[in-house]
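# Descriptive structure summary
The residues making up each chain are set out below.
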Amino acid sequence: MKTLFEKFALSFARQRTDIEIPGSPERCLARFVAEDTEGNLWLVEKLKDKQAAWRNTVGTLLAELQQSGVPHILAPARTPEGESIVVLDTIAYQMTPFIVASTLPRPAYCADKERGRAIGEFIHALQQAGRRIKTPANSTPALPEYVADITDTIRKRRPDIARQLEDILPHLDIFFAEQDSIPLALAHGDCHPLNILWQDTNIAGVIDWEFTGDKIVLYDAANCIGCVGMEHPNWLINGLVPELIKTLITKNSEFAANIHHLIPAIIALRFAWLSEWLRKDDTEMQELELDYMKLLVTSRSEIEHFWKLQYTQ
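Every chain is numbered on its own, with residues counted from 1 as its sequence reads. Only residues with pLDDT of at least 70 get local features here, since the model is predicted, and only at 80 or more are side-chain atom pairs given and counted; chain-wide, interface and lining totals rely on the full set of residues. Hydrogens and water are ignored here; the side-chain numbers use all heavy atoms of the structure.

## Concerning the packing of aromatic side chains
- Classification of ring pairs rests on two measures: the distance between centres of Phe, Tyr or Trp rings, Trp counted by its six-membered ring, which must be within 6.5 Å, and the angle between planes, read as stacked under 30 degrees, edge-to-face over 60 and tilted in between. Per the counting criterion, the structure on display carries four aromatic pairs.
- Pairing Phe122 with Trp209 gives two aromatic rings, centres 6.2 Å apart and planes at 75 degrees, and the pair type is edge-to-face. Residue Phe122 is located in helix 3 (residues 113-130), and its partner Trp209 is located in the loop between strand 8 (202-206) and strand 9 (213-216); the two are separated by 87 residues in the primary sequence.
- Burial status follows relative accessibility: with a 1.4 Å probe on protein chains alone, a residue under 20% of its type maximum counts as buried, one over 50% as exposed, and anything between as partly exposed. For Trp209, a relative accessible area of 5% puts it in the buried group.
- Counted as over-ring charges are cases with an Arg CZ or a Lys NZ within 6 Å of the ring centre that also lie within 35 degrees of the ring normal. One cation-aromatic arrangement involves Arg115 over Trp198; the distance from NZ or CZ to the ring centre is 4.8 Å.
- Cation over ring: Lys215 sits above Tyr219, and NZ or CZ is 5.1 Å from the ring centre. Under the DSSP-based scheme used, a helix requires at least four consecutive residues in state H or I and a strand at least two consecutive residues in state E, with every element numbered from the N terminus.

Here you go:
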């Protein structure tokens, strides 16, 4: 560990096994928190094979976003040569500033308008900065391609679920047909409240950037809203979500011009979660996800009407 820290021109003090780490542990081989001799905390990650190049690209992006003044960016440590990846004994490592954050109160956080406003302001700042710097290409397939691929797999392996999707997929047709006309913007790629570090209702940092890149302007908001609504559908029209939408409508004309595609975008992004529940063989969550998609379809006009009342006031 001492050698790793020295590569980043830092001095190792001790490992902090007493600190719980937020975010997904599946995104690296192993991770832990360490403290340097100045008392700063670092998230140390051992990376999987073939992760290093992309993680270095993301590290460069985060450094440029930080330099551009985007708030809540935790850019990884860099070597004197400007690299954010160090290889020791054939293992690639990356170190990112670690913030001890407040525990997100679930599901009570969904009621907090302050959080919705903060997330909206972050998404807008990120998109604006993306216009000024070189950004990586979309790191995930376009949504029509992604949904088609998952659906094809489901038809082959789970015809019972495929039959339920027959009532959902037609509601994505117009959205997918007009996909190429929706502007692209820099996205976090997995923006939801659990990938945000909070201190009370204020954002302290944003983590897990592996899926970043240029995506449709609705992408981050749709992903976030979908996750909040999954806590309980009532939160689609109360608290955090309406405030998030109102913030982006007010600040971002491209988002506002494409607001009619927001619910289809939410539904399309829920296919990633459905795929996850299928991979984990979690039948309870599979049924819950399908019910959620159906609710978004059947209640779309009512939800959109309520949102419009909020952002036109």
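## Some remarks on the nonpolar core
- Buried residues of nine kinds, namely Ala, Val, Leu, Ile, Met, Phe, Trp, Tyr and Cys, make up a nonpolar core once their side-chain atoms join them within 4.5 Å. Leu65, Ile119, Leu165, Ile225 and Leu262 are the most contacted members of the largest nonpolar core, which totals 75 residues.
- If you tally residues by element for this core, the top one is helix 10 (residues 262-279), at 10 residues.
- Only heavy atoms enter the contact rule, under which two residues are in contact if any of them lie within 4.5 Å. What Ile225 contacts, discounting residues up to four positions off in sequence, is Leu236, Val241, Leu244, Ile245, Leu262, Ile266, Tyr292 and Trp307.
- By size, the runner-up hydrophobic cluster in this structure holds 13 residues, among which are Leu4, Leu10, Ala34 and Tyr93.

## Section: the sheet that holds strand 3 (residues 41-46)
- Spatially, 1-2-3-5-4 is the arrangement adopted by the five strands of the open sheet, whose pairing is antiparallel. Since the sheet does not close on itself, it has two edges, and those belong to strand 1 (12-15) and strand 4 (86-88), each with one partner. Sheet twist, expressed as the average angle between the axes of neighbouring strands with direction ignored, equals 35 degrees.
- DSSP-based pairing: two strands are paired if at least 2 bridges between them are found. Sheet analysis places strand 3 next to strand 5 (residues 91-97), joined by five bridges and oriented antiparallel. Bridge assignment links Glu45 to a residue of strand 5, and that residue is Gln94. With axes taken as lines fitted to C-alpha atoms, and helix axes fitted only over the stretch in contact, angles between N-to-C directions fall between 0 and 180 degrees.

## Considerations on helix 7 (residues 219-231)
- For a helix, the expected span equals 1.5 Å multiplied by the residue count minus one. Between its terminal C-alpha atoms helix 7 stretches 19 Å, which fits the 18 Å expected from 13 residues at 1.5 Å a residue.
- Buried within helix 7 are the following residues: Tyr219, Asp220, Ala221, Ala222, Asn223, Cys224, Ile225, Gly226, Cys227, Val228, Gly229 and Met230.

## Remarks on the pattern of salt bridges
- Salt bridge, as used here, is a side-chain nitrogen of Lys or Arg placed within 4 Å of a carboxyl oxygen of Asp or Glu. Enumeration over the complete set of coordinates arrives at 20 salt bridges.
- Residue Asp208 is joined to Arg27 by a salt bridge in which the shortest nitrogen-to-oxygen separation is 3.4 Å. Placement of the pair is Asp208 in the loop between strand 8 and strand 9 and Arg27 in the loop between strand 1 and strand 2 (30-36), with a sequence separation of 181 residues.
- Since its relative accessible area comes to 13%, Asp208 is described here as buried.

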